[in-house]
Amino acid sequence: GRRLRFPDQDALNIAAAGRWTPLPIRWNLQMGFPFPEQFPESAAKRQLTARREHFFAHPGLLHFTGPNKPWSPTKPPLPRLFREYLELAGWPPGA
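Residues numbered from 1 in each chain as written. Predicted model: local features only at pLDDT ≥ 70, side-chain atom pairs only at ≥ 80, totals over all residues. Heavy atoms only, no water.

Here the focus is the overall build of the protein chain. Regarding its fold elements, the protein chain presents three helices and two strands. From first element to last, N terminus to C terminus, the protein chain shows the α and β order α-β-α-β-α. Carbon and sulfur atoms make up 61% of the accessible area of the protein chain, which totals about 8000 Å². (Helix = DSSP H or I, 4+ residues; strand = E, 2+ residues; numbered from the N terminus. Areas by Shrake-Rupley, 256 points an atom, 1.4 Å probe, with all protein chains shown as cover.)

Here we take up the side chain of Asp10. Along the chain, the position of Asp10 falls in helix α1 (residues 7-15). Overall, Asp10 belongs to the buried group, its relative accessible area being 19%. (Buried < 20%, exposed > 50% of the residue type's maximum accessible area, 1.4 Å probe, protein only.)

All right, on to the environment of Met31 then. When you line up the elements, Met31 lands in the loop between β1 (29-30) and α2 (43-57). Met31 sits 38 residues away from Lys69 along the chain, and the two C-alpha atoms are 8.5 Å apart. In contact with Met31, not counting residues within four places along its chain, are Phe56, Leu62, His63, Phe64 and Thr65. (Contact = heavy atoms within 4.5 Å.)

Now for a nonpolar patch on the surface. On the surface, Leu23, Trp27 and Leu61 cluster together into a nonpolar patch covering about 320 Å² of accessible area. You can see Leu23 is positioned in the loop between α1 and β1. (Patch = residues over 30% accessible without salt bridge, like charges linked within 9 Å, V, L, I, M, F, W, Y side chains within 5 Å. Salt bridge = Lys/Arg side-chain N within 4 Å of Asp/Glu carboxyl O.)

This part takes up the confidence of the model for the protein chain. When pLDDT is averaged across the protein chain, the result is 80; 86% of the residues are at 70 or more. Mean pLDDT across the secondary structure elements of the protein chain bottoms out at α2, with 78, and peaks at α1, with 90. (pLDDT = per-residue confidence, 0-100.)

If you walk through the whole model with that rule in mind, you get zero aromatic pairs. We note Arg26 situated over the ring of Trp27; from NZ or CZ to the ring centre the distance is 4.6 Å. (Phe/Tyr/Trp six-rings, centres within 6.5 Å; stacked < 30°, edge-to-face > 60°. Lys NZ or Arg CZ within 6 Å of the ring centre and 35° of its normal.)

So this is what it looks like as structure tokens:
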């Protein structure tokens, strides 16, 4: 058979084919997302370009794509926030 390039995402795309609704960018704000100027013209590009500062100041969900992860010590204040939310979630269990 054919190899999938991104097996987890490909499986979700297959399962949800024709049964999904696009959400505003703030609900999938990708931290590793390149600057929108690099993409072809689209509604998403216009939305991100016009409101970039607002989205980063008030994200609904931060999606850590690329090499910069919230636990990386090189990206303050993310490591501190990441630890705070881990503690709020009770992780690791018994801690």
